[in-house]
Amino acid sequence: MKIGVFDSGYGGLTILKDIRKRLPQYDYLYLGDNARNPYGSRSFEIVYEFTLQAVKALFQRECHLVILACNTASAKALRSIQQNNLPSLGPTKRVLGVIRPTVEVLPDFTHSKHVGLLATPGTVKSNSYSLELQKLAPEVKITEHACPMWVPIVENNEIESPGADYFVKKEIDNLMNKDPDIDTVVLGCTHYPLLENKIRKYLPETVKILCQGPVVADSLADYLQRHPEIESKLSKGSSIKYLTTEHTEKFDSLASLFLGKAISSHTISIPD
């Protein structure tokens, strides 16, 4: 049994990279629904439908533990899949997301109890971070801000362009103007770690940046320790396979940008 990692596109590769660094012994299967991305601007119903199809595709390929390494899918589909679909898909199967682990560690990062979230319009519109914080740490105030241009900047390899500086500075200024007391900023999209140096450049020096990859990796390690009945079934060959719904040439080229090394993928159709 492998660990499945799903994203609507490429950003989840940043999560996968940190998970494999933390837990290198397991076998992994990554699936990017690149032919139908981006998910961020789509309705809750469509994101739920697409994500459920992807989860089923990973289940069929012996990934009975699936990580939604996508904030939009975690925000718009995770709870519905867990409550409505898992009971019929199999009581031993699990689907986990990236939002709750991030929110769980936020109180340890912020001293002012004022946090900023930089994310896609879809994640911001879902209010998922606010809702989780109200349950887990209601004393923390979160200010959410959408950055619609950041994903295209990354995927078009324009990270070092003057345009990237313009849009990064613009959105950070907008966020900090909303709440000058923010002392921690969450990168609530898995693409954004590739912009971390630019984000750091325009944030006040006293403001900390929280990237999700290491947080999700630590959370998964803890989850497996608490659930030996799942951990014991995972195969341990340190392998990784990449699947995409796009052409492999396009996926392999962009994936190498996220992973820092060349990879080779296979194309599948969703639904099969």
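Shown above is the structure to which this text applies.
Quick caveat: nothing in here was measured; it's all calculated off a predicted structure. (Residues numbered from 1 in each chain as written. Predicted model: local features only at pLDDT ≥ 70, side-chain atom pairs only at ≥ 80, totals over all residues. Heavy atoms only, no water.)

Some remarks on the packing of aromatic side chains
Tallied over the full model, the rule gives eight aromatic pairs. With a centroid separation of 6.2 Å and 50 degrees between ring planes, the pair formed by phenylalanine 6 and tyrosine 39 is classed as tilted. Placement of phenylalanine 6 in strand β1 (residues 3-7) and of tyrosine 39 in the loop between β2 (28-32) and α2 (44-60) is noted, with a sequence separation of 33 residues between them. According to the relative accessible area criterion, tyrosine 39 is buried, its value standing at 1%. Their ring planes at 15 degrees and their centres at 6.0 Å tell us that tyrosine 10 and phenylalanine 258 sit as a pair that is stacked. A residue pair is termed long-range when its members are at least 10 positions apart, and tyrosine 10 in the loop between β1 and α1 (12-22) and phenylalanine 258 in helix α13 (residues 248-259) qualify at 248 residues. Looking at phenylalanine 258, the relative accessible area reads 4%, which means it is buried. (Phe/Tyr/Trp six-rings, centres within 6.5 Å; stacked < 30°, edge-to-face > 60°. Helix = DSSP H or I, 4+ residues; strand = E, 2+ residues; numbered from the N terminus. Buried < 20%, exposed > 50% of the residue type's maximum accessible area, 1.4 Å probe, protein only.)

Some details on the side chain of threonine 123
Locating threonine 123 in the fold gives a position in helix α6 (residues 121-126). Setting aside residues up to four positions removed in sequence, threonine 123 forms contacts with Asn71, Thr72, Ser128, Tyr129, Glu144 and Gly188. (Contact = heavy atoms within 4.5 Å.)

Considering the pattern of salt bridges
A full pass over the atoms with the stated rule returns 15 salt bridges. With its nearest N and O atoms 3.1 Å apart, the salt bridge here joins arginine 79 to glutamate 132. Here arginine 79 is found in helix α4 (residues 78-89), whereas its partner glutamate 132 is found in helix α7 (residues 128-136), with 53 residues between them in sequence. Across the pair arginine 226 and aspartate 222 runs a salt bridge whose closest N-O atoms are separated by 2.8 Å. Of this pair, arginine 226 and aspartate 222 both sit in helix α11 (residues 212-226), separated by four residues, roughly a single helical turn. (Salt bridge = Lys/Arg side-chain N within 4 Å of Asp/Glu carboxyl O.)

Things to note about helix α9 (residues 162-178)
The end-to-end C-alpha distance of α9 is 25 Å, a good match for the 24 Å that 17 residues give at a rise of 1.5 Å each. Buried within α9 we find Ala164, Asp165, Val168, Glu171, Ile172, Leu175 and Met176. Buried residues of α9 fall within an arc of 150 degrees about the axis and therefore sit on the same side. Opposite its buried face, α9 presents the exposed residues Pro162, Tyr166 and Asn177, each directed more than 90 degrees away. Looking at the buried side of α9, the elements it contacts are β5 (114-119), β6 (141-146), α8 (150-155), β7 (184-187) and α10 (196-202). (Expected span 1.5 Å × (residues − 1). Arc of directions from axis to C-beta.)

Re the sheet that holds strand β4 (residues 94-96)
Here we have six strands laid out as an open sheet, ordered β4-β3-β1-β2-β9-β10, and parallel in their pairing. Two strands in the sheet have a free side with no partner beyond their single neighbour: β4 and β10 (265-267). Strand-to-strand twist across the sheet, computed as the mean angle between neighbouring axes with direction ignored, equals 25 degrees. Sheet topology places strand β9 (residues 240-244) next to β10; three bridges connect them, and they run parallel. Following the sheet pairing, tyrosine 242 is matched in β10 by serine 265. Along the sheet face, α4 touches β3 (65-68) and β4 and points at about 170 degrees away from the line of β4. (Pairing = 2+ DSSP bridges. Axes fitted to C-alpha atoms, helices over the stretch in contact; angles between N-to-C directions.)

Regarding the sheet that holds β6
Ordered by their spatial adjacency, four strands build an open sheet running β6-β5-β7-β8, and the pairing between neighbours is parallel. The open sheet is flanked by β6 and β8 (208-210), the only strands paired with a single partner. For this sheet the average axis-to-axis angle between neighbouring strands, irrespective of direction, equals 25 degrees. Relative to β7, β5 runs parallel, the two being bridged by four bridges. Pairing of leucine 118 across the sheet is with leucine 187, part of β7. Across the face of the sheet, helix α5 (residues 99-109) comes into contact with β5, β7 and β8 while running at roughly 165 degrees to β8.

Observations regarding the nonpolar core
Ile3, Leu13, Leu118, Trp150, Ile199, Leu220 and Leu224 are the most contacted members of the largest nonpolar core, which has 71 residues in total. Residue contributions to this core peak at seven residues, all from α11. Ignoring sequence-local partners within four residues, the contact set of tryptophan 150 consists of Leu118, Phe167, Val168, Glu171, Ile172, Tyr192, Leu195 and Ile199. (Core = buried A, V, L, I, M, F, W, Y, C linked by side-chain atoms within 4.5 Å.)

Quick look at unusual backbone geometry
The linkage connecting asparagine 37 with the following residue, proline 38, adopts the cis geometry, with an omega of 5 degrees. In this structure, proline 38 sits in the loop between β2 and α2. Positive phi outside glycine occurs at lysine 113, with the angle close to 65 degrees. When its relative accessible area of 27% is taken as the criterion, lysine 113 is described as partly exposed. At asparagine 157, a residue that is not glycine, the phi angle is positive and equals roughly 55 degrees. Relative to the elements of secondary structure, asparagine 157 occurs in the loop between α8 and α9.

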